[in-house]
Amino acid sequence: MKKYLLVLIAYHLSLITSFAQSGIYHAVVAADGSGDYTSVQAAIDDVPAGNLSQYLIYIKAGTYKEHVFIPLEKSRLSLIGEDAGRVVIADDKKSGGPDAVPVDLGATVVIHANDVTLQGISFVNTYGVETEDGPQALALYAKGDRIAIDHCNILSYQDTYRTSEADNGRNYVSNSTILGAVDFIYGNGNAWIEKCVIKVNRKSGGWIVAPKHRPETRWGYVFNNCKLTADGNPAETSILLGRPWHHQPQTVFLNTRSEITIPAEGWCPHMNGLPSVFAEYNTMDANGNPLDLSKRINRYYRFNEQRDTIWAVAKNMLTAEEASDYTVEAVMGGDDKWNPDQIFAPDENPLGYLIIGERRLAVNRYGCFKRD
């Protein structure tokens with residue numbers, strides 16, 4: 001009798017979960033067939049083109065082996081996973097080497113749309129993760145504007161995560177893990193990366209960022225309150241903070257805790273661009289002690305078409321006053337005053353409630369709920 005009651009309770013809980021999901025979200029994806037779709041792409045394909053309000057898709061636990069493409073006409077879309085540890089979107093295509101495909105086809109998830117919210121999902125290029133080798137193998141290409149990412153994993157090895165293509169397109173990433181070794185955060189636009197784990201899967205010889213910001217880009221990449229780490233003894237892993245891919249890139253690391261070893265010079269002095277700002281403020285070691293930044297380089301060079309060497313000086317350290325200019329409101333706001341912090345905050349009047357296990361979770365208008 002007791003066993004029967006437990007089964008009955010579990011059955012009713014599953015019904016409550018199903019009703020909660022279908023009542024809040026426009027579509028539910030479930031690999032086991034218990035939702036409206038069994039693939040993420042199928043759910044996206046049915047999003048109305050030119051949708052005027054946020055379209056919410058909930059993804060149940062499961063591994064979804066597929067390439068996902070969100071076109072521009074499917075803007076205002078939320079993909080909300082049950083949990084990043086249990087919701088995995090994975091593919092294994094390469095965008096470099098003899099069998100390369102373009103990044104639009106090669107990245108596991110490609111987003112051309114604007115106003116896209118991602119929460120509780122792992123984006124994985126299994127080629128990069130499993131081989132721990134190049135060439136390019138993207139997990140996420142977030143090409144659009146106003147893309148907000150929270151409690152996600154973005155995992156590969158080389159060129160893991162490509163940011164917005166527009167000069168001032170905005171990507172916001174919080175409370176997430178980004179894994180790679182070679183230029184694994186790269187591209188254009190303004191990106192604010194907050195309280196993230198930047199994890200390195202090569203012992204030495206890599207670079208975290210490889211930006212290509214043009215002069216029109218206002219802020220570039222901002223890492224705030226992030227941790228740099230690696231498996232095993234992180235101190236045995238050594239990596240440079242970045243190198244200038246093209247144009248006049250900008251990157252700042254604020255309040256970074258580095259468990260890995262950053263070589264004294266900090267940055268690579270040569271690629272195809274000349275940075276205007278490759279700088280740090282309050283970089284700490286694993287124990288929270290300030291690192292010595294006195295040997296960080298500030299001179300960079302590239303070659304022109306005639307193979308002449310062109311030199312430039314970049315800002316390499318920020319004062320406390322200069323660092324205070326870097327805020328979410330300033331970097332992400334733009335002309336439309338976008339505030340991604342609000343996307344992941346609970347609403348006073350929630351859209352509804354989601355039951356997961358023993359938890360009853362309030363869901364806001366973006367489909368997001370508070371993560372542990």
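Quantities reported herein were computed from a predicted structural model and do not represent experimental measurements. (Residues numbered from 1 in each chain as written. Predicted model: local features only at pLDDT ≥ 70, side-chain atom pairs only at ≥ 80, totals over all residues. Heavy atoms only, no water.)

### Here we look at the pattern of salt bridges
Within this structure, the stated rule accounts for 18 salt bridges. A salt bridge links arginine 86 to glutamate 82; the nearest nitrogen and oxygen atoms lie 2.6 Å apart. Look at arginine 86 and you get partly exposed, because its relative accessible area is 43%. Residue classification places glutamate 82 among the buried positions, given a relative accessible area of 13%. Between aspartate 183 and arginine 243 there is a salt bridge, with the nearest N and O atoms lying 2.8 Å from each other. Note that aspartate 183 is positioned in strand β16 (residues 182–187) and arginine 243 in the loop between β22 (239–242) and β23 (250–254), a separation of 60 residues in sequence. The exposure class of arginine 243 is buried, given its relative accessible area of 16%. One network of salt bridges, in which partners are shared, links Asp115, Asp145, Arg146, Arg170 and Asp336. (Salt bridge = Lys/Arg side-chain N within 4 Å of Asp/Glu carboxyl O. Buried < 20%, exposed > 50% of the residue type's maximum accessible area, 1.4 Å probe, protein only. Helix = DSSP H or I, 4+ residues; strand = E, 2+ residues; numbered from the N terminus.)

### So, the packing of aromatic side chains
As enumerated under the stated definition, the model contains 10 aromatic pairs in all. An angle of 20 degrees between the planes, with centres 4.4 Å apart, marks the rings of tryptophan 267 and phenylalanine 278 as stacked. Of the two residues, tryptophan 267 is situated in the loop between β24 (257–258) and β25 (277–281) and phenylalanine 278 in strand β25; the sequence distance between them amounts to 11 residues. Side by side, tryptophan 267 and phenylalanine 278 carry an identical accessibility label, which is buried. Ring geometry for phenylalanine 278 and tyrosine 300: centres 5.7 Å apart, planes at 90 degrees, overall edge-to-face. Taken together, the residues phenylalanine 278 in strand β25 and tyrosine 300 in strand β26 (residues 299–303) connect sequence positions 22 residues apart. (Phe/Tyr/Trp six-rings, centres within 6.5 Å; stacked < 30°, edge-to-face > 60°.)

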